[in-house]
Amino acid sequence: MLDFDSLVMQRISAIVDRVAPTDFTVLITGETGVGKEVIAREIASKSNRSGQPFIKINSAAIPDRLLESELFGYQRGAFTGAEGDKKGRIGEAHKGTLFFDEISELDRNSQGKLLHILQEGEFIPLGKNEPVTVDVRILAATNKDLVQEVEKAAFRQDLFYRLNVVHVQVPPLRERKEDIPALVELFIHKYRNQFTKSHLPMITTEDYRLMAMYDWPGNVRELENFIKNLVLFQESSCFDNLRIRVKRCQRQNDKRPSLVQIGRMAEEETERRVISSVLQQNGWNRKKTARMLKISYRSLLSKIRKFEIEKAGN
């Protein structure tokens, strides 16, 4: 992995180094675009299976009707159109690493079969009666909270515990902006070679400061696309466009309430509910309500107007 400057990514790098030589399943979580697949590939490359296949399965991209045949393969004649044997992604990963991207999108049936592979090391292709033994190391990633998915019964609890042997939570780029220079350097050299550019784009200190001001809602993937355009076109308009995005984000942030404002709003809502409840309890006798709340009668009337509290039925 890169030599990141952020402590959190240095810790993740250390976890990768320790878990890679094992066959532990690893659950990698984080927002879309933070680089979950990069971490999965790093684990695989540093494992004892590094010379074997790395098979990625995008669980969200395969239609449910095709998922089972794509994962487990099939025997000729298993269904209409099955004119030959198909090995399936899991079979292709034998002796290597199987990476389930967006694991939360697997349907319950496929979740159960994946659990069986983890427990027994075997699966049954469509159209066959005998199980096929498979030796794979399974890594999984998701941008969802699997604990919540389990609570909603959208994800199997037993599978979650099987996958969550080692958990790597990748933070969004906005929480580790000190990693931007290292990522920029990586992407510049990557796309310089890809586009066979003889000159590198000039990035000034002010440019880096501008990149640090932006929150990168698309995370590392958005930064990579930005650098890709910069290397390809090498035009100042790239940073002009980024400056526009920064200003747009700042305007949006100005419209959002601060934590202090949110706390004040919560306090006022609680106060409104308490006053309304006591008024109802006292049959809308405002003097009695003021005494119970230990505030002046005038203050109570002011709060009733402020919170627009009305008597039920009015």
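Residues numbered from 1 in each chain as written. Predicted model: local features only at pLDDT ≥ 70, side-chain atom pairs only at ≥ 80, totals over all residues. Heavy atoms only, no water.

Caption draft 1: Focus on the nonpolar core. Met-211, Trp-216, Leu-223, Ile-227 and Leu-242 are the most contacted members of the largest nonpolar core, which totals 43 residues. Listed in part, the 27 residues of the second largest apolar core include Leu-67, Leu-106, Leu-115 and Val-136. (Core = buried A, V, L, I, M, F, W, Y, C linked by side-chain atoms within 4.5 Å. Buried < 20%, exposed > 50% of the residue type's maximum accessible area, 1.4 Å probe, protein only.)

Caption draft 2: Broad picture of helix α3 (residues 64–72). Inspection of α3 places Leu-67, Ser-69, Leu-71 and Phe-72 among the buried residues, and these make up the whole buried set. Buried positions along α3 lie against β2 (54–58), α4 (89–92), β3 (97–101), α5 (108–120) and β4 (122–123). Directly after α3, the chain includes Gly-73, whose backbone phi takes a positive value near 75°. (Helix = DSSP H or I, 4+ residues; strand = E, 2+ residues; numbered from the N terminus. Contact = heavy atoms within 4.5 Å.)

Caption draft 3: Structural detail: unusual backbone geometry. The phi dihedral of Ala-153 falls on the positive side, at around 65°, and the residue is not glycine. Its location among the elements puts Ala-153 in the loop between α6 (146–151) and α7 (157–163).

Caption draft 4: Looking closely at the pattern of salt bridges. One pass over the full model with this rule turns up 22 salt bridges. Between Asp-101 and Lys-56 there is a salt bridge, with its nearest N and O atoms 4.0 Å apart. Taken together, the positions of Asp-101 in strand β3 and Lys-56 in strand β2 put the pair 45 residues apart, joining distant regions of the chain. Relative accessible area serves as the criterion here: at 30%, Lys-56 is assigned to the partly exposed category. Note that Lys-177 and Asp-215 form a salt bridge whose closest N and O atoms lie 3.0 Å from each other. Residue Lys-177 is found in the loop between β7 (166–169) and α8 (180–194), and its partner Asp-215 is found in the loop between α9 (205–213) and α10 (219–233); the two are separated by 38 residues along the sequence. For Asp-215, a relative accessible area of 28% corresponds to the partly exposed category. (Salt bridge = Lys/Arg side-chain N within 4 Å of Asp/Glu carboxyl O.)

Caption draft 5: Highlighting the pairing of strand β6 (residues 137–142). In terms of burial, β6 is largely enclosed, as six of its six residues are buried. Side chains Arg-137, Leu-139 and Ala-141 project from β6 onto one buried face, and the interleaved Ile-138, Ala-140 and Thr-142 project onto a second face that is buried too. Bridge count between strand β1 (residues 26–29) and β6: four bridges; the pairing is parallel. By the bridge assignment for β6, Thr-29 is matched with Thr-142. Where β3 lies against β6, four bridges are found, and the strand directions are parallel. (Pairing = 2+ DSSP bridges.)

Caption draft 6: The packing of aromatic side chains, seen in detail. Taken as a whole and judged by the stated rule, the model has seven aromatic pairs. Seen in terms of ring centroids, Phe-72 and Phe-123 are 6.1 Å apart; in terms of plane orientation they differ by 40°. Their pairing is tilted. Here Phe-72, found in helix α3, pairs with Phe-123, found in strand β4; they are 51 residues apart in sequence, far enough to count as distant. Taken individually, Phe-72 and Phe-123 each receive the classification buried, so the pair is uniform in this respect. (Phe/Tyr/Trp six-rings, centres within 6.5 Å; stacked < 30°, edge-to-face > 60°.)

Caption draft 7: The sheet that holds β7, seen in detail. Reading across the sheet, the five strands line up as β2-β3-β6-β1-β7 and stay open at both edges, with parallel pairing between neighbours. Bordering the open sheet on either side are β2 and β7, each of which pairs with just one other strand. When the angles between neighbouring strand axes are averaged without regard to direction, this sheet yields 20°. Against the sheet, helix α1 (residues 7–19) makes contact with β1, β6 and β7, and its axis sits at roughly 155° relative to β7, the strand it touches most. (Axes fitted to C-alpha atoms, helices over the stretch in contact; angles between N-to-C directions.)

Caption draft 8: Focus on the layout of surface pockets. The calculated volume of the largest pocket comes to roughly 550 Å³. What lines the largest pocket is a set of 25 residues, and nearest its centre among them are Val-34, Gly-35, Lys-36, Val-38 and Val-220. Sorting elements by how many residues they give to the lining of the largest pocket places helix α2 (residues 36–45) first, with five residues. Here the lining of the largest pocket is built from residues that sort into 12 nonpolar, three polar and 10 charged. A volume near 180 Å³ is recorded for the second largest pocket. Around the second largest pocket sit Phe-72, Tyr-74, Asp-85, Lys-86, Lys-87, Gly-91, His-94, Phe-123, Pro-125, Lys-128, Val-132 and Thr-133, which together line it. Split by residue class, the lining of the second largest pocket holds five nonpolar, three polar and four charged. (1 Å grid on protein atoms, 1.4 Å probe; cavity = no way out; pocket = protein on both sides within 12 Å on 5 of 7 lines; lining within 4 Å. Points joined across faces, edges and corners; volume = space filled by probe spheres on them. Nonpolar A, V, L, I, M, F, W, Y, C, P; charged D, E, K, R; others polar.)

Caption draft 9: A look at the pairing of β1. Burial along β1 is two-sided: Val-26 and Ile-28 facing one way and Leu-27 and Thr-29 facing the other are all buried. Pairing between β1 and β7: four bridges, direction parallel. Looking across to β7, one finds that Leu-27 is bridged to His-167.

Caption draft 10: Representation of α10. For α10, with 15 residues, the first-to-last C-alpha span of 22 Å sits near the 21 Å given by 1.5 Å per residue. All of the buried residues in α10 are Asn-219, Val-220, Glu-222, Leu-223, Glu-224, Phe-226, Ile-227, Leu-230 and Val-231. Positive phi appears at Gln-234, one or two residues downstream of α10, with a value of about 45°. (Expected span 1.5 Å × (residues − 1).)

Caption draft 11: Spotlight on the environment of Phe-233. Relative to the helices and strands, Phe-233 resides in helix α10. Accessibility expressed as a relative area gives 44% for Phe-233, which makes it partly exposed. Placed 32 residues apart in sequence, Phe-233 and Pro-201 show a C-alpha to C-alpha distance of 9.1 Å.

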